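Chain and residue survey
Residues per chain are reported as follows:
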Amino acid sequence: MRTLLRIDSSLSGDASYSRRLTAAFSGAWAEAGGEVVTRDLHAEQVPHLPHFGLHFASREGVPADSPARALQDELIGEVLAADALVIGAPLYNYSVPSTLKAWLDHLHVPGRTAGKPAESGPLAGRPAVIMSSRGAAYDTAEAEAHFDHAVPVFRALLGTAMGMEVEAITVDRTLAGLLPELGADRAAGELEEALTAARRRGRELASV
Ligand SMILES: Cc1cc2nc3c(=O)[nH]c(=O)nc-3n(C[C@H](O)[C@H](O)[C@H](O)COP(=O)(O)O)c2cc1C
């Protein structure tokens, strides 16, 4: 049985778009017979990385019995045990939520989770599907490149550094209820497309 780790970080609970997408993906995964492990980084927040040494495999200067080591081992162990990741990544101030960034800071350890070359790392080749929800519209390549600093973080860290197969499913215009100029009908249509894509990828990746 293949195991999926579902990560959520939106602060919006049931109203969250990224949570709807991670739910659609993981629901399809479970229906295909896979196991789903969840971590909610908003409900249970990971502290900021407390020690420089934790960024390195040697962990120099970090006491062996430090609770920070144990937490990092738990977070990394959870990822290593998963065949795939699905990550809910809302766009907050053109970047990822700080809760999600704190988790990434624990996870990215050159020499441990990231190999040199990246293909030699323990996570190389595993899929990571990013569910990116954005309040406004990012219709042009230029707008996306200049203002979306969320998805590129995953491509650089999970993809380039750790060798994972990163893909993104995005839903835009989620603020259409507040900002009518975004177009409520178009927003609803794009959400349905993203949900369909999420279900399809969940089913496909559970059955690889
Ligand atoms: C703190 C905060 C910052 C936000 N910053 C942006 C932003 O920079 N650009 C944008 O398009 N939308 C922004 N939004 C709107 C969110 O991207 C939008 O509500 C999205 O649906 C969030 O994902 P969620 O529905 O999973 O919570 C922001 C929302 C919050 C709460």
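No experiment lies behind these values; they were computed from the predicted model shown.

Remarks on the site of the ligand
Taken together, 17 residues sit near the ligand, with Ser10, Ser16, Ser18, Tyr138 and Thr174 positioned nearest. Within the backbone of Tyr17, one N or O atom sits 2.8 Å away from an oxygen atom of the ligand. Note that an oxygen atom of the ligand is positioned 2.9 Å from one of the backbone N or O atoms of Tyr94. In isolation the ligand exposes 620 Å². Once the protein is present, 77% of that is buried. Residue composition of the shell around the ligand, grouped by class: eight nonpolar, eight polar and one charged.

Regarding the packing of aromatic side chains
Within this structure, the stated rule accounts for three aromatic pairs. Between Phe25 and Trp29 the ring centres are 6.3 Å apart and the planes differ by 25°, which places this aromatic pair in the stacked class. Highlighted residues: Phe25 and Trp29, both in helix α1 (residues 17–31), separated by four residues, approximately one helical turn. Side by side, Phe25 and Trp29 carry an identical accessibility label, which is buried. Taking 5.2 Å as the distance between ring centres and 50° as the angle between the ring planes, the aromatic pair formed by Phe52 and Phe56 counts as tilted. By relative accessible area, Phe56 is classed as partly exposed at 33%.

A few points about the side chain of Arg59
Among the structural elements, Arg59 can be located in the loop between β2 (35–40) and α2 (67–80). Arg59 gets classed as buried once you look at its relative accessible area, which sits at 8%. Polar contacts involving the side chain of Arg59 include one to the side chain of Gln72, which spans 3.0 Å. With residues up to four places along the chain from it excluded, the contact list for Arg59 reads Gly53, Leu54, Arg69, Gln72, Asp73 and Arg112.

Observations regarding the pattern of salt bridges
Using the criterion set out here, one finds 17 salt bridges in the structure. Among the salt bridges present, the one from Asp73 reaches Arg112, with a minimum N-O distance of 2.9 Å. Taken together, the residues span a long stretch of sequence, with Asp73 in helix α2 and Arg112 in the loop between α3 (98–107) and β4 (127–133) at a distance of 39 residues. Overall, Arg112 belongs to the partly exposed group, its relative accessible area being 29%. When salt bridges that share partners are traced, they join Arg134, Glu144, Asp148 and Asp172 into one network.

Analysis parameters
- Residues numbered from 1 in each chain as written.
- Predicted model: local features only at pLDDT ≥ 70, side-chain atom pairs only at ≥ 80, totals over all residues.
- Heavy atoms only, no water.
- Near = heavy atom within 4 Å.
- Polar contact = N/O pair within 3.5 Å; in protein donor to acceptor, adjacent residues only side chain to side chain.
- Areas by Shrake-Rupley, 256 points an atom, 1.4 Å probe, with all protein chains shown as cover.
- Nonpolar A, V, L, I, M, F, W, Y, C, P; charged D, E, K, R; others polar.
- Phe/Tyr/Trp six-rings, centres within 6.5 Å; stacked < 30°, edge-to-face > 60°.
- Helix = DSSP H or I, 4+ residues; strand = E, 2+ residues; numbered from the N terminus.
- Buried < 20%, exposed > 50% of the residue type's maximum accessible area, 1.4 Å probe, protein only.
- Contact = heavy atoms within 4.5 Å.
- Salt bridge = Lys/Arg side-chain N within 4 Å of Asp/Glu carboxyl O.

Note that every value here comes from positions in space, so none of it alone points to a role or purpose.
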